[in-house]
Amino acid sequence: MTENTAPQNTAPQNTATQNTAPLGAAPGKLSDSRPPTMNADERTTLLAFLDYLREAVIAKVDGLGDEDARRPGVASGTSLLWLVRHLTVVEHNWFEWAYGGLGEQGPVDSEAAVPADLTVAAAVAAYRDAIARANAVAQAAPDLDRPGARSLRPDAAEGPSLRWVLVHMIEETGRHAGHADIIREQLDGATGR
């Protein structure tokens, strides 16, 4: 499968809010937006859906204090703050370390506990920074088929393609956005996609 090679606008964009219609907020309902509506090339479409899911995760901690965001919502100990930190590390590991081959040391531990001094504001800022760097790696890649520099999987012969990384990150972020929905609803009753 080849990528559409028509000239594109490669300027960084916040695709999560493009072509979306707010569902509106009501008491107990988080402000939300629908998935992107678009008909674009594959890279732009994949990044738009990934950005949409990233913003959904960020929306789940909006308005929460640090203590509430740190509170586990399930028996495993998963909290909203842990989810944001986990996704921050996963963005770095797959896009920068594995695909881009940046950094000499191994990947960062994505399962580590949340540092005691991490705040919601700092976690969201770090996540947004990791997203910007990940999107820069994705935009700079010559095509979606080229294998990355290395893999996070020790049994892999080569790094996965950018296409694989993007689809995997959509799956990973979407799964955790669902977890965040449930945890947020348990905390204060707020719901939303």
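See the structure above.
Below is a short write-up of the structure. (Residues numbered from 1 in each chain as written. Predicted model: local features only at pLDDT ≥ 70, side-chain atom pairs only at ≥ 80, totals over all residues. Heavy atoms only, no water.)

1. Some details on the pattern of salt bridges
Step number 1: The final tally for this structure, using the stated rule, is 13 salt bridges.
Step number 2: With a shortest N-O distance of 2.6 Å, arginine 54 and aspartate 51 are connected by a salt bridge. Of this pair, arginine 54 and aspartate 51 both sit in helix α1 (residues 42–61), 3 residues apart, which is roughly one turn of the helix. By the burial criterion, arginine 54 is buried, and aspartate 51 matches it.
Step number 3: Glutamate 67 serves as the salt-bridge partner of arginine 71, at 3.5 Å between the closest nitrogen and oxygen. (Salt bridge = Lys/Arg side-chain N within 4 Å of Asp/Glu carboxyl O. Helix = DSSP H or I, 4+ residues; strand = E, 2+ residues; numbered from the N terminus. Buried < 20%, exposed > 50% of the residue type's maximum accessible area, 1.4 Å probe, protein only.)

2. Examining the packing of aromatic side chains
Step number 1: Enumeration according to the criterion identifies 1 aromatic pair in this entry.
Step number 2: Ring geometry for tryptophan 94 versus tryptophan 164: centroids 5.0 Å apart, planes at 55 degrees, classification tilted. A residue pair is termed long-range when its members are at least 10 positions apart, and tryptophan 94 in helix α3 (residues 80–99) and tryptophan 164 in helix α5 (residues 162–188) qualify at 70 residues.
Step number 3: Here arginine 150 stacks its cationic end above the ring of tryptophan 97, 4.0 Å away from the centre of that ring. (Phe/Tyr/Trp six-rings, centres within 6.5 Å; stacked < 30°, edge-to-face > 60°. Lys NZ or Arg CZ within 6 Å of the ring centre and 35° of its normal.)

3. Concerning the packing of α1 against α3
Step number 1: One way to put it is that α1 packs onto α3 with a least axis distance of 9 Å and a crossing angle of 155 degrees. Judged on the interaxial angle alone, α3 and α1 are roughly antiparallel. In this structure, α1 crosses over α3, and the sense of that crossing is left-handed. For the pair α1 and α3, the contacting residues are Leu50, Arg54, Val57, Lys60 and Val61 in the first and Leu80, Val84, Leu87, Glu91 and Phe95 in the second.
Step number 2: A breakdown of the residues in the contact of α1 with α3 according to their chemical character gives 7 nonpolar, no polar and 3 charged. (Axes fitted to C-alpha atoms, helices over the stretch in contact; angles between N-to-C directions. Parallel < 35°, antiparallel > 145°, perpendicular 65-115°, else oblique. Left-handed = near helix turned anticlockwise from the far one by under 90°. Contact = heavy atoms within 4.5 Å. Nonpolar A, V, L, I, M, F, W, Y, C, P; charged D, E, K, R; others polar.)

4. Observations regarding the nonpolar core
When a protein is soluble and globular, its nonpolar side chains tend to lie buried together.
Step number 1: Leu80, Leu81 and Tyr127 are the most contacted members of the largest nonpolar core, which has 21 residues in total.
Step number 2: If sequence neighbours within four positions are ignored, tyrosine 127 has contacts with Arg54, Val57, Ile58, Val84, Leu87, Thr88, Glu91 and Thr173. (Core = buried A, V, L, I, M, F, W, Y, C linked by side-chain atoms within 4.5 Å.)

5. Comments concerning the environment of leucine 64
Step number 1: Assignment of secondary structure puts leucine 64 in the loop between α1 and α2 (66–70).
Step number 2: Once the C-alpha coordinates of leucine 64 and leucine 187 are considered, the two residues, 123 residues apart in sequence, prove to be 9.4 Å apart.

6. Topic: helix α4 (residues 120–140)
Residues three or four positions apart in an α-helix share a direction because the helix packs 3.6 residues into each turn.
Step number 1: Its 21 residues give α4 an end-to-end C-alpha distance of 30 Å, which sits within 8% of 30 Å, the value for a rise of 1.5 Å per residue.
Step number 2: Among all positions of α4, only Val120, Ala123, Val124, Tyr127, Ala130, Ile131, Ala134, Asn135, Val137 and Ala138 are buried. Burial along α4 is one-sided: seen end-on, the buried residues are contained in an arc of 155 degrees. What points out from α4, more than 90 degrees from its buried face, is the exposed set Ala121 and Ala140.
Step number 3: Among the structural elements, α1, α2, α3 and α5 are those in contact with the buried residues of α4. (Expected span 1.5 Å × (residues − 1). Arc of directions from axis to C-beta.)

7. A few points about the packing of α1 against α5
Step number 1: Remark: α1 packs on α5, axes separated minimally by 9 Å, with the N-to-C direction vectors making an angle of 25 degrees. Considered as vectors, α1 and α5 are oriented roughly parallel to each other. In terms of crossing hand, the pair formed by α1 and α5 is left-handed. From α1, Glu42, Arg43, Leu46, Leu47, Phe49, Leu50, Leu53, Arg54, Val57, Ala59, Lys60 and Val61 reach across to α5, where they touch Leu162, Arg163, Leu166, Val167, Met169, Ile170, Thr173, Gly174, Ala177, Ala180, Asp181 and Arg184.
Step number 2: When grouped by side-chain class, the residues that make up the contact of α1 with α5 number 15 nonpolar, 2 polar and 7 charged.

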